[in-house]
Amino acid sequence: RAEQSRAEQSRAEQSRADNIDILKAICAFLIVCIHIPFPGTIGAYFTALTRIAVPIFFMITGYFYKDTIAAGKEKRQIRKILRLFLISNLVYLVWNCTLYAIRIREGVIGYLSDIFSLKSLLKFMLLNDSPFSGHLWYLGAILYVLVIIYCLDKIHCRKCLYWIAPFLLAVDLILGKYSMVLFHREFPYILVRNFLFVGLPYFCIGCVLRDNFDKIKKHSKMMPIGVVIFSITTLLERFILENLQLNTTRDHYISTTFLAIAVFGLMLSRDTSAHSHCEKMLAEVGRRYSTWIYILHPFFIKVIEFVVEKIGMERVFRYVAPFVIYFVTLLFLAGLSKYVGWPAPKKNKLKR
């Protein structure tokens, strides 16, 4: 009976990890939608909902951190993210230098002098603002978060951060989406889009969700209701701020945090007895490719937009662009995996 119980628990944990991998695949698509959104008013309102994607990625890392500790892989995880951080920034440095060399005579020197200026380097090091590609801020932020959490764990102070997290989220809103309401001005988004006001609090939320999984499971019927309610309140926030001409370019609404938690809770509480073939494929995409879809999709946006402009199909492309970019990036990665052996298959992180 003990062996049977352990086997059932192992299957349940694997299915739960598959649900989170499905969520990673979906969030990777939502991030593509942020960077090349659907057109018109509907697209603008849908983009407001997609803002949950990056917070959820931080939450996933926090959710799995208990397993990282159990396996003694904290330093290994930091090294892995550091490699991703360095490789990704180097790739976009080379790519940008190539573009400047093609388009602008002597443009490379001017580009390099700008990105390696003291101001640019300080923003890069202190606020995770990558001068090579804006979306790479996430890698710098998660790297800093993991280092900070590792240090706090050494002195047994991580739970102190849990109490600070709501205040960090509040500062994100005060200096971000609601800065026009409170101060009648916008602040540079990099002041809050970084490890401190996004990475740390959402990582902590992920940790808390892991510690309270049983409670989430008990209230599983409330999760779909929460997703609907907070989707509506997110859209309502955007509508009100837009009509008052107070909507800033910053990412997160008040409801974004609650919507991200509700979506995450929904995926945790889903029936794990069986997954369809489509769900298994999505889980594989999330597990193996979601990180690299995030890293590489801006490259394909530029390439495909260039091709589409040349063949005169910009208007049609706008309506299908997120799908095209997502699947082209995915096919590229799947081809590399098949013929080069990279990205290599990954195992579920939940301890079995």
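Residues numbered from 1 in each chain as written. Predicted model: local features only at pLDDT ≥ 70, side-chain atom pairs only at ≥ 80, totals over all residues. Heavy atoms only, no water.

1. Description of the overall build of the chain
Tallying secondary structure elements over the chain gives 15 helices and zero strands in all. Along the three orthogonal principal directions, the C-alpha set of the chain runs to about 75 × 55 × 45 Å. Per-residue burial over the chain gives 50% buried out of 352 residues. Nonlocal contacts in the chain, meaning residues at least 24 apart in sequence, comprise 78% of its contacts between residues at least 6 apart. (Helix = DSSP H or I, 4+ residues; strand = E, 2+ residues; numbered from the N terminus. Buried < 20%, exposed > 50% of the residue type's maximum accessible area, 1.4 Å probe, protein only. Contact = heavy atoms within 4.5 Å.)

2. A closer look at the confidence of the model for the chain
Residue-level pLDDT values for the chain average 91, and 92% of them are 70 or greater. No element of the chain has a lower mean pLDDT than helix α1 (residues 2-35), at 77, and none a higher one than helix α7 (residues 137-154), at 98. Here residues 2-9 is modelled with pLDDT under 50, and outside its nearest four sequence neighbours on either side it reaches zero contacts, counting other chains as well. (pLDDT = per-residue confidence, 0-100.)

3. Notes on a nonpolar patch on the surface
A cluster of nonpolar side chains, namely Phe-306, Val-307, Ile-311, Met-313 and Val-316, defines an oily patch on the protein surface of about 480 Å² accessible area. A per-element tally of the nonpolar patch places helix α14 (residues 277-311) first, with three residues. Locating Val-307 in the fold gives a position in helix α14. (Patch = residues over 30% accessible without salt bridge, like charges linked within 9 Å, V, L, I, M, F, W, Y side chains within 5 Å. Areas by Shrake-Rupley, 256 points an atom, 1.4 Å probe, with all protein chains shown as cover. Salt bridge = Lys/Arg side-chain N within 4 Å of Asp/Glu carboxyl O.)

4. Some words on the packing of aromatic side chains
Summed over all chains, the structure comprises 22 aromatic pairs. An angle of 90° between the planes, with centres 5.5 Å apart, marks the rings of Tyr-326 and Phe-327 as edge-to-face. The exposure class of Phe-327 is partly exposed, given its relative accessible area of 45%. Above the face of the Tyr-253 ring, Lys-177 is positioned so that its terminal group lies 4.4 Å from the ring centre. Here Arg-238 stacks its cationic end above the ring of Tyr-45, 4.7 Å away from the centre of that ring. (Phe/Tyr/Trp six-rings, centres within 6.5 Å; stacked < 30°, edge-to-face > 60°. Lys NZ or Arg CZ within 6 Å of the ring centre and 35° of its normal.)

5. Some thoughts on the environment of Ala-321
Assignment of secondary structure puts Ala-321 in helix α15 (residues 314-339). Sequence-wise, Ala-321 and Val-307 are 14 residues apart; in three dimensions their C-alpha atoms are separated by 13 Å.

6. Some points on the state of the cysteines
Inspection of the entire model under this criterion finds zero disulfides. Not engaged in a disulfide, the cysteine Cys-33 finds its nearest cysteine sulfur in Cys-27; these two sulfurs lie 11 Å apart. For Cys-33, a relative accessible area of 1% corresponds to the buried category. With no disulfide of its own, Cys-278 lies closest to Cys-27 among cysteine sulfurs, the gap being 16 Å. Classification of Cys-278 as exposed rests on a relative accessible area of 52%. (Disulfide = S-S within 2.5 Å.)

7. What about the nonpolar core?
Among the nonpolar cores identified, the biggest contains 94 residues, and Ile-56, Phe-58, Tyr-138, Phe-264, Ile-293 and Ile-295 are the most heavily contacted of them. The residues contacting Phe-58, other than those within four sequence positions of it, are Trp-137, Tyr-138, Ala-141, Ile-142, Val-198, Gly-199, Tyr-202 and Phe-203. Listed in part, the six residues of the second largest apolar core include Leu-173, Tyr-178, Leu-241 and Tyr-253. (Core = buried A, V, L, I, M, F, W, Y, C linked by side-chain atoms within 4.5 Å.)

8. Description of the pattern of salt bridges
What the rule picks out here adds up to 13 salt bridges. A salt bridge links Asp-18 to Arg-287; its shortest N-O distance comes to 3.2 Å. With Asp-18 in helix α1 and Arg-287 in helix α14, this pair connects stretches of sequence that are 269 residues apart. Assigned by exposure class, Asp-18 and Arg-287 land together as buried. Residue Arg-250 is joined to Asp-172 by a salt bridge in which the shortest nitrogen-to-oxygen separation is 3.0 Å.

9. Notes on the environment of Tyr-45
Tracing the sequence through the fold places Tyr-45 in helix α2 (residues 40-50). Taking the relative accessible area as the measure of exposure, Tyr-45 reaches 18% and is therefore buried. With 190 residues separating them along the chain, Tyr-45 and Leu-235 place their C-alpha atoms 6.4 Å apart. In this structure, Tyr-45 is in contact with Leu-235, Arg-238 and Phe-239, ignoring residues within four places of it in sequence.

10. A word on helix α8 (residues 158-175)
For α8, which comprises 18 residues, the first-to-last C-alpha distance of 25 Å matches the rise-based estimate of 26 Å (1.5 Å per residue) to within 8%. Inspection of α8 places Arg-158, Leu-161, Tyr-162, Ala-165, Leu-168, Leu-169, Asp-172 and Leu-173 among the buried residues, and these make up the whole buried set. As for α8, its buried residues are in contact with α3 (53-70), α7, α9 (179-183), α10 (195-211) and α13 (254-269). (Expected span 1.5 Å × (residues − 1).)

11. So, the side chain of Ser-290
Turning to its location among the elements, Ser-290 is positioned in helix α14. Overall, the relative accessible area of 1% leaves Ser-290 in the buried class. In this structure the side chain of Ser-290 is engaged in a polar contact, spanning 2.6 Å, whose partner is the backbone oxygen of Gly-286. Setting aside residues no more than four positions away along its own chain, Ser-290 makes contact with Lys-24, Ala-28, Phe-57 and Val-285. (Polar contact = N/O pair within 3.5 Å; in protein donor to acceptor, adjacent residues only side chain to side chain.)

12. Let's talk about the side chain of Asp-172
Structurally, Asp-172 is set in helix α8. Residue classification places Asp-172 among the buried residues on the basis of a relative accessible area of 2%. The contacts of Asp-172, once residues within four sequence positions are left out, are Lys-177, Val-192, Phe-197, Val-198, Arg-250 and His-252.

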